[in-house]
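Remarks on the overall topology
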Amino acid sequence: MLHLEFNSDSENEGIARIVTAAYIMKFDPDMEEMDDIKTAVSEAVTNCIVHAYHNPDGKISMNLSDQNGILRIEIKDQGIGIPDVKKAMEPMFTTKPEEERTGMGFSFMEAFMDQVEVISKQGEGTTVIMTKKIGDQDKLNG
């Protein structure tokens, strides 16, 4: 497992993408898989930066692991939490329309990953767990 912790500063979203890309290279992903996973990570991290905290000093943690060819990415904040996860995951829903947010973050995560789970408690933070089977397993095991 790889653990990374960083401040909720928008510059760190790029670092999360690069670390994820480096981690998944062992799966020999194709370009589409690589782009999809990096986009899902970007959306999850950006949600933490934009919605969880009101300052760039909040902490975001990211855990990357894999088991039996399935990548697991966990992105967690200790911010304000989400009052209604089901509502927040609806396409086009945003709490910040004035910032021209599309409300598509969770939709992109769900489109690009095999499974997305969101656990949140108001005042304690949010955890997003995404999984995806990547690469040609026959080629890797052959």
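Residues numbered from 1 in each chain as written. Predicted model: local features only at pLDDT ≥ 70, side-chain atom pairs only at ≥ 80, totals over all residues. Heavy atoms only, no water.

Within an unreviewed UniProt entry, the label attached to the chain reads Anti-sigma F factor, and the organism entered is Anaerostipes hadrus. In UniProt, the chain has this text filed under Function (unreviewed entry): "Binds to sigma F and blocks its ability to form an RNA polymerase holoenzyme (E-sigma F). Phosphorylates SpoIIAA on a serine residue. This phosphorylation may enable SpoIIAA to act as an anti-anti-sigma factor that counteracts SpoIIAB and thus releases sigma F from inhibition." Under the heading Sequence similarities (unreviewed entry), UniProt records this for the chain: "Belongs to the anti-sigma-factor family." (UniProt positions renumbered as here; feature names shortened; annotations may be inferred.)

**Brief notes about the packing of aromatic side chains**
Scanning the entire structure with this criterion turns up 1 aromatic pair. Ring geometry for Phe108 and Phe112: centres 6.2 Å apart, planes at 5°, overall stacked. Remark: Phe112 and Phe108 occur in helix H4 (residues 105-112); sequence separation between them is 4 residues, near one turn of the helix. Here Phe112 falls in the partly exposed class, since its relative accessible area comes to 22%. Stacked on the ring of Tyr23, the Lys or Arg Lys26 has its end atom at 4.3 Å from the ring centre. (Phe/Tyr/Trp six-rings, centres within 6.5 Å; stacked < 30°, edge-to-face > 60°. Helix = DSSP H or I, 4+ residues; strand = E, 2+ residues; numbered from the N terminus. Buried < 20%, exposed > 50% of the residue type's maximum accessible area, 1.4 Å probe, protein only. Lys NZ or Arg CZ within 6 Å of the ring centre and 35° of its normal.)

**Side note on the nonpolar core**
In terms of nonpolar packing, the biggest core is built from 33 residues, with Ile73, Ile75 and Met130 touching the most fellow members. Those elements that place two or more of their residues in this core are helix H1 (12-24), helix H2 (31-52), strand E2 (59-67), strand E3 (70-77), H4, strand E4 (115-121) and strand E5 (125-133). The greatest single-element share of this core, amounting to 9 residues, is contributed by H2. (Core = buried A, V, L, I, M, F, W, Y, C linked by side-chain atoms within 4.5 Å.)

**What to know about the pairing of E4**
Examined bridge by bridge, E4 and E5 share 7 bridges and lie antiparallel to one another. Paired with Glu117 across the two strands is Ile129, which belongs to E5. Between the end of E4 and the start of E5, which pair antiparallel, lie 3 residues, with Gly123 showing a positive phi angle near 80°. (Pairing = 2+ DSSP bridges.)

**Remarks on the pairing of E2**
As paired elements, strand E1 (residues 2-7) and E2 share 6 bridges and run antiparallel to each other. Bridging from a neighbouring strand, Leu4 pairs with Met62 of E2. Where E2 meets E3, 8 bridges bridge the pair, whose relative direction is antiparallel. The residue bridging Ile60 from the neighbouring strand is Asp77, located in E3. Connecting E2 to the next strand, E3, in antiparallel fashion are 2 residues, including Asn68 with a positive phi near 50°.

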